[in-house]
Amino acid sequence: MKVKVEFSGGLELLFDKATRLTVDVDEKTTIKDLIAYLKQNHLKEKPELFMSGDSVRPGILVLVNDVDWELLDGADYKVEPNDNVVFISTLHGG
Amino acid sequence: MNGKSCVRCGNKAQLKRPKTGELICKECFFVVFETEVHETITSSNLFSRGERVAIAASGGKDSTVLAHIMKVLNDRHDYGLELFLLSIDEGITGYRDDSLESVKRNKEEYQLPLEIVSYEQLYGWTMDAIVAQIGMKNNCTFCGVFRRQALDRGCELLKVDKMVTGHNADDVAETVLMNVLRGDIARLQRCVAIVTHDESGGYIPRAKPFKYTYEKEIVMYAYFKKLDYFSTECIYSPNAYRGFARELIKDLERVRPQCIVDIIRSAETFQFDTVNIRKQVISRCEKCAYISSQKICRACVFLEGLNSGKAKLSVFESEGKTQKSKARRVEEEEKVERSKVSILNADW
Amino acid sequence: MLNHLMQEIVSPHSYRTISFFWSVLYIDIGAAVGLSEEERLERAGQVRDQFASREHGSQKEFYIMPLEYAFRNDGENCVEKMQDYLNSFKQLSAREDALRQLVQTAILNFAQENNFSNVITAESASNLSIRVITEICKGRGFNIPLITSYDDSSTHEGVRILRPLKDKLAKEIAFYNAVEKLKPVFIPDITTGTPLKSSVDRLVEEFISSLQANFPSTVHAILRTTEKLKVPNMQTVFNCVVCNSVLTRDERRSQEEAVNGLHTGDDLTNLQRLGKMSCYGCCRELDFFKSSENCSNLLSSKDDAPQQNKFVSERIAEGKTILEDFPIYVNDNIHKLIRMSREQVKESISEYLIEDQ
């Protein structure tokens, strides 16, 4: 299934300046899986600036269809077709 | 070949000073280390001639170096102090019994009288027995309250005018950050004072001659002087106080060693609105006459709980009480915030 | 700082309902963070569009202030001068600090020169709590209440700084922007892309963000602490000549000594003297100015007397005026300080003379 992903607040720099991507992932993919997928396939440099453990670094806001992921099971949320997942760094200088 | 030379004497450098990054030889390191502590003591007028001073000695690195340096400086600069070692035996098998052995060796080496005050003689309980009853959850709270009082009792026994503790710059900087994070203004103000005392004379003044001394330098000093100390962590609380704030201090020290003293300096220049600091009303505990802001001091409350087998409850109650008395002074909203902040406390 | 300042100030709708005259100031730090001329123009354009696209945008003036303006001097390349200045701080943390000061001073100086009475910044609770801890780490604890107030009504020579977003978390602002489809312009900083544990600011930011993730009251608890501190009295012109912060009594005494010790024809400007005219924090930063990374020049244990920095002066090449390397306002501050001190002396003498007659 196809899922839209966006980066902002400086995160795009880690993804070769891509501000949006469309990725093709399996059914039942969770955000946690998606983060791992992005790291594996799209992250160009410095994974520690994007990830912490198997989640995103604290200070990075994740929105799914404009809803805070914390209201949606956080990293365990299962993405659905055409979901729009936005990663925004609220950290200084990205 | 190491061609680096000591910035002070030009001889071969043997170490890089953690505090300043200077390359220095062993002998010069001893000189600067001792001189700095001496300067702290004199510039803060920590002691007066003829005073009796207890050195709180746990057998660990800080207090061992403290005992050594107090002895050295007292002799070298003729402070005219009468020094004593004071140790607390919490009754922790495999930890305190061993560390007390190193204190006893220090007693012989420095020829200082040693007083050991034990929880068992004072309270009728060892930490081993307490942990057997209440488990590992709140044991550090018990121990902290008991130790504080035990040290004061020891000072009374020794009839000393002052007590010195081995708190170093890293400890002070960490405490500053923690108090900023918790919003504990009263403690924030107190924690950078080089001498803490109670105006009403409720307890013996406590001084920190290592307030500006880096932990790493204390370790180096002990190592190069081959001082005899005990380096095992307490078995009931491995990594106690090595929380978030400690980790930050260590990271900061790595990128910028000066941070530690700069944090202390910052806290020294804070100006406090006296309105915001709740004045503790000090009275005496009705049971044991120890200073307390409550009718019954915390140690007695804990003891009562232990003796009646309801210890877990008493920790809770005692914390609940302080919470309530605070709450009376603040608005409803702040009470909620405070209880949130205490989550922070609990974890550290 | 700057990107937060600029990218988030768009959000508060409420401001448009209050009627007062306001303009947008964009401090272009591009030259300091290695952006090309084109990239700088592109970003400035994006920021301008961001503001112009709002309903009342056309009424606002939009100013672009290149950061290197603080180094302008006849016949010299001010971009290069600024880059040299920043690069002279041989530690990332010190460079970061110097950049922050340049931005802050640029804002205040712009406001003063153009008769603005207020500056509105978009500093969030998250930024401010991080700033509080970094300033504590840098020895500037004394000035912290001025950093976090809603309205530091103690004026910077007639300019007030207002922080309407100081209660909002960075997360809330980012969420707001996302929902409102505002597209903040990302402006890199000198630490962008450097390792996590590379500077004081980065370490503290990481620390606060992780703590905040586990204990959601962290940021506000820090700010509440600062609210309980006494605000230093700002009714003085005798501030730090580098960062303009209020001096403690000790610092002021040392500044006075440095100024009074000056004789006609003296080199105003060796690093040691500059350190004496600065606050403790700036004096510490100066330790990294043109020195090697191993900080061999730090103060000894007498940290309560920071200005007794005997190491600093030794590093100055003979005959070289160190002040030429600094932003122009530092020079201006020193001259103003000297003038004020002389006037003060003159005044005290004249009073004495009148009484005597």
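Not measured: the values here are computed from a predicted model.

### Concerning the overall build of chain B
Assigned secondary structure in chain B consists of 14 helices and 10 strands. By the burial criterion, 53% of the 348 residues in chain B qualify as buried. Nonlocal contacts in chain B, meaning residues at least 24 apart in sequence, comprise 69% of its contacts between residues at least 6 apart. With the model as given, the accessible surface of chain B reaches about 16,200 Å², and the carbon-plus-sulfur share is 49%.

### Some points on the overall build of chain C
Each helix and strand in chain C was counted, giving 14 helices and four strands. Counting across all 357 residues of chain C, residues that qualify as buried make up 58%. Considering only contacts within chain C whose residues lie at least 6 apart along the sequence, 72% involve residues at least 24 apart. Carbon together with sulfur atoms contributes 50% to the accessible area of chain C, which is approximately 15,500 Å² in total.

### A look at the domain arrangement of chain B
Residue and element names in this part refer to chain B. For chain B, the domain assignment lists domain 1 (1-43) and domain 2 (47-282). Computed over C-alpha atoms, the centres of domain 1 and domain 2 are 25 Å apart. Taken together, the contact between domain 1 and domain 2 spans 14 residues of the former and 24 residues of the latter. The contact between domain 1 and domain 2 buries some 1,900 Å² in all, and 72% of this surface belongs to carbon and sulfur atoms. The interface formed by domain 1 and domain 2 includes three salt bridges. Among the salt bridges present, the one from R76 reaches E34, with a minimum N-O distance of 2.7 Å.

### A short note on the pattern of salt bridges
As enumerated under the stated definition, the model contains 52 salt bridges over all chains in all. As a salt-bridge pair, R187 of chain B and D184 of chain B come within 2.7 Å of each other at their nearest N and O atoms. Its relative accessible area of 43% is what places R187 of chain B among the partly exposed residues. Look at D184 of chain B and you get buried, because its relative accessible area is 17%. R253 of chain C serves as the salt-bridge partner of D250 of chain C, at 3.7 Å between the closest nitrogen and oxygen. Taken together, the residues span about one helical turn, with D250 of chain C and R253 of chain C both in helix 11 (residues 249-260) at a distance of three residues. A residue is classified by how much of its surface remains accessible, and D250 of chain C, at 36% relative accessible area, is partly exposed. Members of the salt-bridge network, linked through shared partners, are K61, D62, D170, D171, E174, E215, R246, K250 and E253 of chain B.

### Structural notes on helix 9 (residues 215-224) of chain B
Residue and element names in this part refer to chain B. Looking at helix 9, one finds that the buried residues are E215, E217, I218, Y221 and A222. What you see down the axis of helix 9 is that its buried residues fit within an arc of 160°, all on one side. The secondary structure elements touched by the buried residues of helix 9 are helix 1 (26-43), helix 2 (61-76), helix 7 (169-182) and helix 10 (244-255). After helix 9 finishes, the residue K226 shows a positive phi value of roughly 55°.

### A closer look at the confidence of the model for chain C
Close reading of the predicted structure is inappropriate where its pLDDT is low. Residues and elements named next belong to chain C. Averaged over every residue, the pLDDT of chain C is 79; the share at 70 or more is 77%. Within chain C, helix 2 (residues 14-17) has the poorest average pLDDT of any element, 39, and helix 6 (residues 125-137) the best, 96. Confidence over residues 1-18 falls short of pLDDT 50; this stretch has 56 contacts with residues more than four positions distant or in other chains. Note that residues 292-319 has pLDDT below 50 and, in this model, 71 contacts with residues that lie over four places away or in other chains. Overall fold confidence (pTM) sits at 0.85, and the ipTM for the predicted complex is 0.86.

### Some remarks on the sheet that holds strand 7 (residues 84-89) of chain A
Residue and element names in this part refer to chain A. An order of 2-1-7-5-6 is seen for the five strands of this open sheet, with the pairing classed as mixed. This sheet does not close on itself; its edge strands, each paired only once, are strand 2 (20-24) and strand 6 (67-68). The pairing of strand 5 (residues 60-64) with strand 7 spans five bridges and is classified as antiparallel. By the bridge assignment for strand 7, L63 is matched with V86.

### Overview of the UniProt feature "binding site: ATP" (unreviewed entry) in chain B
Residues and elements named next belong to chain B. Here, UniProt's "binding site: ATP" (unreviewed entry) annotation points to A56, A57, S58, D62, I88, G166 and D171. By secondary structure assignment, the location of A56 is in strand 3 (residues 52-56). For A56, a relative accessible area of 15% puts it in the buried group. Those residues in contact with A56 that sit more than four places away from it in its chain are S63, L86, L151, M163, V164 and T165. Its location among the elements puts S58 in the loop between strand 3 and helix 2. Apart from the residues within four sequence positions on either side, S58 is in contact with S63, R96, S99 and V103.

### Digging into the pairing of strand 5 (residues 114-118) of chain B
Residue and element names in this part refer to chain B. Pairing geometry for strand 4 (residues 82-89) and strand 5, over five bridges, is parallel. Looking across to strand 5, one finds that S87 is bridged to I116. Each parallel crossover has a hand, and for strand 4 linked through helix 3 (residues 96-110) to strand 5 it is right-handed.

### Brief notes about the sheet that holds strand 6 (residues 162-164) of chain B
Residue and element names in this part refer to chain B. The six strands lie next to each other as 5-4-3-6-8-7, forming an open sheet whose pairing is mixed. Every other strand in the sheet has two partners, leaving strand 5 and strand 7 (195-196) as the edge strands with one partner each. Running at roughly 145° to strand 4, helix 6 (residues 139-158) makes contact with strand 3, strand 4, strand 5, strand 6 and strand 8 (206-207) of the sheet.

### Quick look at the packing of aromatic side chains
In this description, an aromatic ring pair is defined by two values, namely the gap between the centres and the angle between the planes. Per the counting criterion, the structure on display carries 31 aromatic pairs over all chains. With 5.1 Å between their ring centres and 85° between their planes, F15 of chain A and F50 of chain A make a pair best called edge-to-face. Of this pair, F15 of chain A sits in the loop between strand 1 (2-8) and strand 2 while F50 of chain A sits in the loop between helix 1 (31-41) and strand 3 (51-52), placing them 35 residues apart in sequence. Like F15 of chain A, the residue F50 of chain A is buried in the burial classification. Ring centres 4.8 Å apart and planes at 65° place the aromatic pair Y63 of chain C and F110 of chain C in the edge-to-face group. With Y63 of chain C in strand 2 (residues 61-66) and F110 of chain C in helix 5 (residues 92-113), the pair connects residues that are 47 residues apart, well separated along the chain. In this structure Y63 of chain C comes out as partly exposed when scored by relative accessible area, which is 24%.

### Side note on the domain arrangement of chain C
Residue and element names in this part refer to chain C. Under the domain assignment used here, chain C contains domain 1 (2-227) and domain 2 (249-352). Taken together, the contacts link 20 residues of domain 1 with 18 residues of domain 2. Here domain 1 meets domain 2 over a buried area of about 1,700 Å², counting both sides, of which 57% is carbon and sulfur. Our count for the contact surface shared by domain 1 and domain 2 stands at zero salt bridges. At the boundary of domain 1 with domain 2, the tally comes to five residue pairs in polar contact (both at pLDDT 80 or more). Broken down by element, the residue count for the side of domain 1 that touches domain 2 peaks at seven residues, all from helix 5. Grouping the amino acids of the side of domain 1 that touches domain 2 by side-chain chemistry returns six nonpolar, seven polar and seven charged.

Each value, and the rule that gives it
Residues numbered from 1 in each chain as written. Chains lettered and ligands numbered in written order. Predicted model: local features only at pLDDT ≥ 70, side-chain atom pairs only at ≥ 80, totals over all residues. Heavy atoms only, no water. Helix = DSSP H or I, 4+ residues; strand = E, 2+ residues; numbered from the N terminus. Buried < 20%, exposed > 50% of the residue type's maximum accessible area, 1.4 Å probe, protein only. Contact = heavy atoms within 4.5 Å. Areas by Shrake-Rupley, 256 points an atom, 1.4 Å probe, with all protein chains shown as cover. Domains from an automatic or database assignment. Buried area = accessible area lost by both parts, 1.4 Å probe. Salt bridge = Lys/Arg side-chain N within 4 Å of Asp/Glu carboxyl O. Arc of directions from axis to C-beta. pLDDT = per-residue confidence, 0-100. Pairing = 2+ DSSP bridges. UniProt positions renumbered as here; feature names shortened; annotations may be inferred. Right-handed = clockwise from strand over helix to strand, strands pointing away. Axes fitted to C-alpha atoms, helices over the stretch in contact; angles between N-to-C directions. Phe/Tyr/Trp six-rings, centres within 6.5 Å; stacked < 30°, edge-to-face > 60°. Polar contact = N/O pair within 3.5 Å; in protein donor to acceptor, adjacent residues only side chain to side chain. Nonpolar A, V, L, I, M, F, W, Y, C, P; charged D, E, K, R; others polar.

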